[in-house]
Amino acid sequence: SKQFQTNSMSSILASFNANKLNFSSRVNPSPVSLRRIPVQRCQRVRLVAVKAQQAAVTPEIDAETFGIFRSVYDISNEDPAMTKTWKKTIRVAVSGAAGQISNHLLFMLASGGVFGPDQPIALQMLGSERSREALEGVAMELEDSLYPLLREVKIGIDPYKVFTGADWALLIGAKPRGPGMERRDLLDINGQIFQEHGKALDKVASKNVKVLVVGNPCNTNAMIAMNNAPSI
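Thresholds applied
Residues numbered from 1 in each chain as written. Predicted model: local features only at pLDDT ≥ 70, side-chain atom pairs only at ≥ 80, totals over all residues. Heavy atoms only, no water. Core = buried A, V, L, I, M, F, W, Y, C linked by side-chain atoms within 4.5 Å. Buried < 20%, exposed > 50% of the residue type's maximum accessible area, 1.4 Å probe, protein only. Contact = heavy atoms within 4.5 Å. Helix = DSSP H or I, 4+ residues; strand = E, 2+ residues; numbered from the N terminus. Phe/Tyr/Trp six-rings, centres within 6.5 Å; stacked < 30°, edge-to-face > 60°. Axes fitted to C-alpha atoms, helices over the stretch in contact; angles between N-to-C directions. Parallel < 35°, antiparallel > 145°, perpendicular 65-115°, else oblique. Left-handed = near helix turned anticlockwise from the far one by under 90°. Expected span 1.5 Å × (residues − 1). Pairing = 2+ DSSP bridges. Right-handed = clockwise from strand over helix to strand, strands pointing away. 1 Å grid on protein atoms, 1.4 Å probe; cavity = no way out; pocket = protein on both sides within 12 Å on 5 of 7 lines; lining within 4 Å. Points joined across faces, edges and corners; volume = space filled by probe spheres on them. Nonpolar A, V, L, I, M, F, W, Y, C, P; charged D, E, K, R; others polar.

Draft legend 1. Quick peek at the nonpolar core. The biggest cluster of nonpolar side chains holds 20 residues, and the ones touching the most others in it are Val92, Val94, Leu106, Leu109, Leu123, Met125 and Leu142. Here Leu106 is in contact with Val94, Ala97, Leu123, Met125, Val138 and Leu142, once residues within four sequence places are set aside. Membership of the second largest hydrophobic core comes to 15 residues, among which are Ala93, Leu201, Val209 and Ala225.

Draft legend 2. Quick look at the environment of Ile90. By the secondary structure assignment, Ile90 is in strand β2 (residues 90–95). In contact with Ile90, other than residues within four places in its own chain, are Phe115, Gln119, Pro120, Ile121, Ala122, Asp167 and Trp168.

Draft legend 3. Quick look at the packing of aromatic side chains. Under the counting rule described, the total for this entry stands at 2 aromatic pairs. Arranged with centres 5.3 Å apart and planes meeting at 65°, the rings of Phe115 and Trp168 form a pair that is edge-to-face. Of this pair, Phe115 sits in the loop between α6 (100–111) and β3 (121–126) while Trp168 sits in strand β5 (residues 168–171), placing them 53 residues apart in sequence. Overall, Trp168 belongs to the partly exposed group, its relative accessible area being 27%.

Draft legend 4. The arrangement of the packing of α6 against helix α7 (residues 132–145) in detail. At a closest axis distance of 11 Å, the pairing of α6 and α7 adopts a crossing angle of 30°. Considered as vectors, α6 and α7 are oriented roughly parallel to each other. When you trace α6 past α7, the crossing you get is right-handed. On the side of α6, the interface is formed by Asn103, Leu106, Phe107 and Ala110, while α7 contributes Val138, Glu141, Leu142 and Ser145.

Draft legend 5. Up close: the side chain of Gln124. Residue placement: Gln124 occurs in strand β3. For Gln124, a relative accessible area of 2% corresponds to the buried category. Look past the residues within four positions of Gln124 in its chain and what remains in contact with it is Arg91, Val92, Ala93, Val94, Lys154, Val162, Phe163 and Thr164.

Draft legend 6. Looking closely at α7. A rise of 1.5 Å per residue sets the reference length of α7, with its 14 residues, at 20 Å; its end C-alpha atoms lie 20 Å apart and thus fit the reference within 8%. Among the residues making up α7, those that are buried are Leu135, Glu136, Val138, Ala139, Met140, Leu142 and Glu143. Of the residues one or two after α7, Leu146 is the one with positive phi, at around 55°.

Draft legend 7. Molecular detail of the pairing of strand β4 (residues 150–156). In terms of burial, β4 is a largely internal element, 7 of the 7 residues being buried. Strand direction decides the pairing type here: β3 and β4, joined by 6 bridges, are parallel. Looking at β4, one finds that Ala122 is bridged to Glu152. Since β3 and β4 lie parallel, the crossover through α7 that links them has a hand, and here it is right-handed.

Draft legend 8. A look at unusual backbone geometry. Cis geometry marks the peptide bond from Asn216 to Pro217, where omega comes out at -10°. When you line up the elements, Pro217 lands in the loop between β6 (210–213) and α10 (218–227). The backbone of Leu146 shows a phi angle near 55°, a positive value even though the residue is not glycine. Considering the arrangement of structural elements, one finds Leu146 in the loop between α7 and β4. Judged by its relative accessible area of 63%, Leu146 falls in the exposed class.

Draft legend 9. Layout of the layout of surface pockets. Within this model, the largest pocket holds a volume of roughly 760 Å³. Listed by contribution, the elements that provide at least two residues to the lining of the largest pocket are α6 and α9 (183–204). Here the element with the most residues in the lining of the largest pocket is α9; it accounts for 4 residues. Among the residues forming the lining of the largest pocket, the class breakdown is 12 nonpolar, 11 polar and 4 charged. Of the volumes computed, that of the second largest pocket is approximately 160 Å³. Considering the residues around the second largest pocket, the lining is formed by Leu201, Val211, Val213, Ala222, Ala225, Met226, Ala229 and Ile232. Breaking the lining of the second largest pocket down by element, the ones donating at least two residues are β6 and α10. In terms of residue count, α10 provides more of the lining of the second largest pocket than any other element does, 3 residues in total.

Honestly, it's all geometry; don't read function into it.
Next comes the structure, spelled out in structure tokens:
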């Protein structure tokens, strides 16, 4: 039995050393093989391609439209028995779409938990220059989820583009009150944001659009947006 243990230990050590060499060669490839490995970025490739195409066609507005992404889903792939009761698709614009509140709300909208199981929607999500990468990530998550009712996803940082044709506008994005910030400072910053949102809705949204203000202070922000959208 002692001889058996000795022989077994020797064979184990020999096997380990051989595997160690093989493993080292796998995890430490030559620099040439590293350079030959293709890098795939999945959806980012299409995002970059869309932005590059836009830059080639309209270079003068590329800075304003950076981050625009649009994905349209083909309804012909769905079961006719499921889609025969569907209503006309509505456009839902959401500001602050990369924030924590929107991160929960967007998936409820896409799944039919808000407007019902027979109401297709097109999501139009507004972010900012700072949150554009996070917004792209949210769009990818929505696309990967394959919600049947989600017919279109569009993201951007320009409210005049994102709010176009909106039937619903959920204004969630607002500047939070920071340390040492007076209430009047907060009102001044958010007043400018909702002034712009109101003007954009007045110009490009549906005239029957329904607007829900969530960003605090919501009563003041709602009044500012309303006063800047006189035709709605």
